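Here's the letter readout for the chains.
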Amino acid sequence: MIRAIGAYAVAALVLCLAAGVPSKARSDEIIVFAAASMNNALAEIERGFEAATGHDLIVSLAGSPVLARQIQQGAPADIFISANPDWMDMLEQDGLVEDDTRFDLVGNSIVLIASGTDATPTEISSELDLKALLGEGRLAMALVDSVPAGIYGKISLESLGLWDDVEAQVAQADNVRAALAFVATGEAPYGIVYATDAIAENRVSVVGTFPPASHPPIVYPVADMANRDHPAETEFLDYLRGPEARAAFERQGFVVAERQE
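First things first, this report covers the structure right here in the doc. (Residues numbered from 1 in each chain as written. Predicted model: local features only at pLDDT ≥ 70, side-chain atom pairs only at ≥ 80, totals over all residues. Heavy atoms only, no water.)

### Let's talk about the packing of aromatic side chains
One pass over the full model with this rule turns up 5 aromatic pairs. With 5.8 Å between their ring centres and 85° between their planes, F249 and F254 make a pair best called edge-to-face. Just as F249 is buried, F254 falls in that class too. Every member of this aromatic cluster is reached through a ring pair, and the members are Y194, Y220, F249 and F254. Just above the ring of F103 sits the side chain of R241; from NZ or CZ to the centre is 3.7 Å. (Phe/Tyr/Trp six-rings, centres within 6.5 Å; stacked < 30°, edge-to-face > 60°. Buried < 20%, exposed > 50% of the residue type's maximum accessible area, 1.4 Å probe, protein only. Lys NZ or Arg CZ within 6 Å of the ring centre and 35° of its normal.)

Dropping the structure here:
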């Protein structure tokens, strides 16, 4: 069961989970907190994993910082998939990550998208006149100081010398899927999202991909949380590295990380 949740809904979700989930989850139930950009891939993986194992996945989706802070506050998450290593680092420093369970799961890229399906492609470089492209419109982005997609987008714009020109026109959303929705519904003519988000939405078109050198590598780490423990968690982590999950991630545009032994 996948729940897509925003910054203001997570606290309510945690209270519901705390009320409905005992201090140690049932051996066949796994609570997964995952970055909002994992929505489509995890929906497919959830079906496959449950069919293969009989276990029940409860997947809660939101911005990585929101989820990480809720885990810090005692949210009953078994597995965390972050869209940025920094948030996993924070939990690891707090002793909330089970030793030797963390690994890099997938990679991603960020793209400039436009509302509609017929936008003209362009090369994204320091020569792009993004302000002229926006006109009077807004540029939809996830929160640029805390949500990974927004952080990567701002870093790219700064490295290309474009940020100062468009900062005043940036419309920030709680997470990357909310930024995507702004563009898909026409509330903003352009936005910066993950390539995987653009694939998942047929009401937008990709204008261009930001150069990989303009931002740090986009890596999604995953780990077992140290607050609870049962064998099904290990089964799920193994499944994430298996061929079925790999195919699901690749269909959604992710680059599967090579396994490090």
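### Overview of the pairing of strand β11 (residues 218-224)
Within β11, 6 of the 7 residues are buried, which leaves the element mostly enclosed by the surrounding structure. Pairing of strand β4 (residues 79-81) with β11 involves 3 bridges; the strand directions are antiparallel. When the bridges of β11 are listed, I81 appears paired with V222. Here 5 bridges tie strand β5 (residues 103-108) to β11, and the two strands are oriented antiparallel to one another. Across the sheet, N108 pairs through a bridge with I218, a residue of β11. (Helix = DSSP H or I, 4+ residues; strand = E, 2+ residues; numbered from the N terminus. Pairing = 2+ DSSP bridges.)

### Some details on the packing of helix α3 (residues 64-72) against helix α4 (residues 85-93)
It is at 9 Å that the axes of α3 and α4 come closest, and there the two elements cross at 5°. Judged by the inter-axis angle, α3 sits roughly parallel to α4. Residue-level inspection shows S64, P65, A68, R69, I71 and Q72 of α3 in contact with α4, the latter providing W87, M90 and L91. (Axes fitted to C-alpha atoms, helices over the stretch in contact; angles between N-to-C directions. Parallel < 35°, antiparallel > 145°, perpendicular 65-115°, else oblique. Contact = heavy atoms within 4.5 Å.)

### Some thoughts on the packing of helix α2 (residues 39-53) against helix α10 (residues 231-240)
For the pair α2 and α10, the least separation of the axes is 11 Å and the interaxial angle reads 125°. It follows from the interaxial angle that α2 and α10 lie oblique. Seen from above, α2 lies across α10 with right-handed handedness. Between α2 and α10, the contacting residues are I45, G48, F49, A52 and T53 on the first element and A232, E235, F236, Y239 and L240 on the second. Looking at side-chain class alone, the contact of α2 with α10 contains 7 nonpolar, 2 polar and 1 charged residues. (Left-handed = near helix turned anticlockwise from the far one by under 90°. Nonpolar A, V, L, I, M, F, W, Y, C, P; charged D, E, K, R; others polar.)

### Quick notes on α2
Counted at 1.5 Å a residue, the expected span for α2 with its 15 residues is 21 Å, and the 21 Å between its end C-alpha atoms agrees. G54 lies just past α2 and shows a positive phi near 80°. (Expected span 1.5 Å × (residues − 1).)

### Topic: the sheet that holds strand β7 (residues 139-142)
One open sheet accounts for 5 strands, arranged β8-β7-β9-β6-β10; its pairing is mixed. In the strand order of this sheet, the two ends are held by β8 (170-173) and β10 (204-209), each with one partner. Averaged over neighbouring strand pairs, the angle between their axes works out to 35° when direction is ignored. In this structure, β7 lies alongside strand β9 (residues 190-194), joined through 2 bridges in parallel fashion.

### A few points about unusual backbone geometry
At D100, a position not held by glycine, the phi torsion is positive, near 65°. Relative to the assigned elements, D100 resides in the loop between α4 and β5. Classification of D100 by relative accessible area gives exposed; the value is 81%.

### Overview of the side chain of S205
Of note, S205 is situated in strand β10. Judged by its relative accessible area of 12%, S205 falls in the buried class. Reaching out from S205, the side chain makes a polar contact with the backbone nitrogen of A119 at a distance of 3.4 Å. Leave out the neighbours within four places in its chain, and S205 touches L112, I113, A114, G116, T117, D118 and A119. (Polar contact = N/O pair within 3.5 Å; in protein donor to acceptor, adjacent residues only side chain to side chain.)

### Re the environment of G137
Along the chain, G137 turns up in the loop between α5 (130-134) and β7. With relative accessibility at 16%, the residue G137 sits in the buried group. On a C-alpha basis, the gap between G137 and A188 in space is 6.2 Å, while along the polypeptide they are 51 residues apart. Setting aside residues no more than four positions away along its own chain, G137 makes contact with Q169 and P189.

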